[in-house]
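Listed below are the residues making up each chain.
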Amino acid sequence: MPSKSKSLPSPKSDAKSESVLVQVGDGVLQSYSALSVPQKTTWDKQERYLVQIRKTRTHSHAAEYAGIHRDTALKWRNNDYLGFVSRLAEAEATFCDMLEGHALDTALATKPGQSPILLITLLNANLPEKYRQATGLSEDTAKQLLRKYKQGRQKATQDEQG
């Protein structure tokens, strides 16, 4: 008899195998075969949804592929039903890794005159912490703006009085 693993199934795992454990709530793990029929149905739909997230990270496409309404996936995430939150995070990370690999391939193959704008936009949207430029004001810049504002107000007041 296969030994039971202590981790959630990876994307390529066969969740229907007796040796794969499924999170059913508050960290409780049980084998796929021990799930109720409705839980198995939901798990299978979640896995179909996650397949599309790994490919596109587009929730509407994933919902359509899984045969569910997009709000259903939001409920799974909000309630972490069957450990959905960690599995979703893993699927999104897989998509981002794929996107970065494509970006590298594209960058290496880019010829003069070709525009990488769409790829840059996708990287900014999916990995903002890594690819989006910081746009906040520094403390020094804010102080300079306040100083100029005060000078302008003082000059305006003097002009009105003078």
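The coordinates are above.
S.K.: So what about the packing of aromatic side chains? Which residues, and what values?
M.R.: This model, assessed by the stated rule, comprises three aromatic pairs. Here the aromatic rings of Tyr 49 and Trp 76 are separated by 6.3 Å at their centres, their planes lie at 85°, and the arrangement is edge-to-face. In this pair, Tyr 49 is assigned in helix α1 (residues 37–56) and Trp 76 in helix α3 (residues 70–79), connecting sequence segments 27 residues apart. Residue classification places Tyr 49 among the buried positions, given a relative accessible area of 2%. Residue Trp 76 is classed as buried on the basis of its relative accessible area of 7%. Between the NZ or CZ atom of Arg 48 and the centre of the ring of Tyr 65, over which it lies, the distance is 4.2 Å.

S.K.: Before we move on, can you summarise the environment of Arg 87 with the specific residues and values?
M.R.: Relative to the elements of secondary structure, Arg 87 occurs in helix α4 (residues 84–109). Given a relative accessible area of 4%, Arg 87 falls into the buried group. Separated by ten residues in sequence, Arg 87 and Arg 77 place their C-alpha atoms 9.7 Å apart. Excluding its chain neighbours within four sequence positions, the residues that come into contact with Arg 87 are Trp 43, Gln 46, Glu 47, Leu 50 and Leu 82. In terms of polar contacts, Arg 87 uses its side chain to reach the backbone carbonyl oxygen of Leu 82, at 2.9 Å.

S.K.: Which residues make up α4, and what values go with them?
M.R.: Taking 1.5 Å per residue as the helical rise, α4 with its 26 residues ought to reach 38 Å, and the 37 Å between its terminal C-alpha atoms agrees with that figure. Of the residues making up α4, those classed as buried are Phe 84, Arg 87, Leu 88, Ala 91, Glu 92, Phe 95, Cys 96, Leu 99, Glu 100 and Ala 103. Buried residues along α4 sit against α1, α2 (59–66), α3, α5 (117–126) and α6 (128–131).

S.K.: Tell me what's going on with the nonpolar core, and back it up with residues and numbers.
M.R.: Ranked by size, the top nonpolar core spans twelve residues in total: Tyr 49, Leu 50, Ile 53, Ala 62, Ala 63, Ala 66, Ile 68, Ala 73, Trp 76, Phe 84, Leu 88 and Ala 91. Those elements giving two or more residues to this core turn out to be α1, α2, α3 and α4.

Conventions we followed
- Residues numbered from 1 in each chain as written.
- Predicted model: local features only at pLDDT ≥ 70, side-chain atom pairs only at ≥ 80, totals over all residues.
- Heavy atoms only, no water.
- Phe/Tyr/Trp six-rings, centres within 6.5 Å; stacked < 30°, edge-to-face > 60°.
- Helix = DSSP H or I, 4+ residues; strand = E, 2+ residues; numbered from the N terminus.
- Buried < 20%, exposed > 50% of the residue type's maximum accessible area, 1.4 Å probe, protein only.
- Lys NZ or Arg CZ within 6 Å of the ring centre and 35° of its normal.
- Contact = heavy atoms within 4.5 Å.
- Polar contact = N/O pair within 3.5 Å; in protein donor to acceptor, adjacent residues only side chain to side chain.
- Expected span 1.5 Å × (residues − 1).
- Core = buried A, V, L, I, M, F, W, Y, C linked by side-chain atoms within 4.5 Å.

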